[in-house]
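Here are the chains, one letter per residue:
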Amino acid sequence: VSLRGSIYNFAYRMLGVRAAAEDITQEVFIFLIKQPNKYSPERGSLRSFLCGIARKKILHYLRNGKKSERSLELIDEDETPQIGPDPLSVLLEKEFVLVVEKSLLMLPPQQREAVILRELQGLSYEEIGIIVGENINTVKSRVHRARSTLAVCLARYLGSERKVI
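Computed from a predicted model, the values in this text were never measured in an experiment.

Looking now at the overall build of the chain. Counting its secondary structure elements, the chain contains seven helices and zero strands. Order of helices (α) and strands (β) in the chain, N terminus to C terminus: α-α-α-α-α-α-α. Taken across its 165 residues, the chain has 38% of its residues classed as buried. Here the analysis covers contacts within the chain between residues at least 6 apart in sequence; of these, 65% occur between residues at least 24 apart. Carbon and sulfur atoms make up 53% of the accessible area of the chain, which amounts to about 9500 Å² in all.

A word on the packing of aromatic side chains. By convention here, two paired aromatic rings are described through the distance between centres and the angle between planes. Under the counting rule described, the total for this entry stands at three aromatic pairs. Taking the centre distance of 6.1 Å and the plane angle of 5 degrees together, the rings of Tyr-8 and Tyr-12 count as stacked. Taken together, the positions of Tyr-8 and Tyr-12, both in helix H1 (residues 3-15) and four residues apart, correspond to about one turn of that helix. The two residues Tyr-8 and Tyr-12 agree in class, both being buried.

Quick look at the nonpolar core now. Generally speaking, nonpolar side chains in soluble globular proteins are found buried as a group. Grouped together as the largest cluster of nonpolar side chains are 41 residues, with contacts concentrated most on Leu-15, Ile-24, Ile-58 and Leu-117. Mapped by element, the contributors of at least two residues to this core are H1, helix H2 (18-34), helix H3 (46-63), helix H4 (87-106), helix H5 (109-120), helix H6 (125-132) and helix H7 (136-153). Looking at which element gives the most residues to this core, the answer is H3, with eight residues. With sequence-adjacent residues up to four places away left out, Ile-58 is seen in contact with Phe-10, Ala-11, Met-14, Leu-15 and Ile-24.

Counting across every chain of the model gives five salt bridges. With a closest N to O distance of 3.8 Å, Lys-57 and Glu-27 form a salt bridge. Within this pair, whereas Lys-57 is found in helix H3, its partner Glu-27 is found in helix H2, the two being separated by 30 residues in sequence. Given a relative accessible area of 25%, Lys-57 falls into the partly exposed group. Look at Glu-27 and you get partly exposed, because its relative accessible area is 38%.

Between its first and last C-alpha atoms H1 spans 19 Å; for 13 residues at 1.5 Å apiece the expected length is 18 Å, and the two agree. Every buried residue belonging to H1 is among Gly-5, Ser-6, Ile-7, Tyr-8, Phe-10, Ala-11, Tyr-12, Met-14 and Leu-15, and all of these are buried. The first or second residue beyond H1 is Gly-16, which carries a positive phi of 75 degrees.

Before going further, it helps to examine the side chain of Ser-103. Structurally, Ser-103 is set in helix H4. Accessibility expressed as a relative area gives 6% for Ser-103, which makes it buried. Polar contacts involving the side chain of Ser-103 include one to the main-chain carbonyl oxygen of Val-99, which spans 2.8 Å. Ignoring any residue separated from it by four or fewer positions in sequence, one finds Ser-103 in contact with Leu-150, Cys-153 and Leu-154.

Right, let's talk about the confidence of the model for the chain for a bit. Any residue range with low pLDDT should be treated as having predicted coordinates unsuitable for detailed reading. This prediction gives the chain a mean pLDDT of 83; 79% of its residues lie at or above 70. Between the elements of the chain, mean pLDDT differs from a low of 79, seen in H4, to a high of 95, seen in H7.

About the cut-offs
- Residues numbered from 1 in each chain as written.
- Predicted model: local features only at pLDDT ≥ 70, side-chain atom pairs only at ≥ 80, totals over all residues.
- Heavy atoms only, no water.
- Helix = DSSP H or I, 4+ residues; strand = E, 2+ residues; numbered from the N terminus.
- Buried < 20%, exposed > 50% of the residue type's maximum accessible area, 1.4 Å probe, protein only.
- Contact = heavy atoms within 4.5 Å.
- Areas by Shrake-Rupley, 256 points an atom, 1.4 Å probe, with all protein chains shown as cover.
- Phe/Tyr/Trp six-rings, centres within 6.5 Å; stacked < 30°, edge-to-face > 60°.
- Core = buried A, V, L, I, M, F, W, Y, C linked by side-chain atoms within 4.5 Å.
- Salt bridge = Lys/Arg side-chain N within 4 Å of Asp/Glu carboxyl O.
- Expected span 1.5 Å × (residues − 1).
- Polar contact = N/O pair within 3.5 Å; in protein donor to acceptor, adjacent residues only side chain to side chain.
- pLDDT = per-residue confidence, 0-100.

The structure is reproduced here in structure tokens:
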């Protein structure tokens, strides 16, 4: 996944609104262009730095009352990966993706961001700690609680071969 795609995915998973995720992604890269000196390679990767900027913009979006606009948008057919030629499998996979996305949006924001950064962005606990300004144990706890909540929400959809995220 590209750096842009990584930031967009984080924003979209946190907000569930494509337009807001696109705006935030654009704002993050405009920030980088206007203030490149704010990035310091010694403090972490560029992706971690940009996720931190995105996080601030996402929290600002949520704080300013726009969370009432938050809604899970239907996934376009072109965006959902095809499991196989079996139409029933494709339909069930689309349904599962929607349920996972809705379940993510139901998590408290701190748990949601931790599990998204860990599982979907592939960041280390250390990188997440830097981004959110918390110690590693707090990050691990948030990821654990988010996984537990998701497991309960998705229990009826999970088979032995399926991973939550």
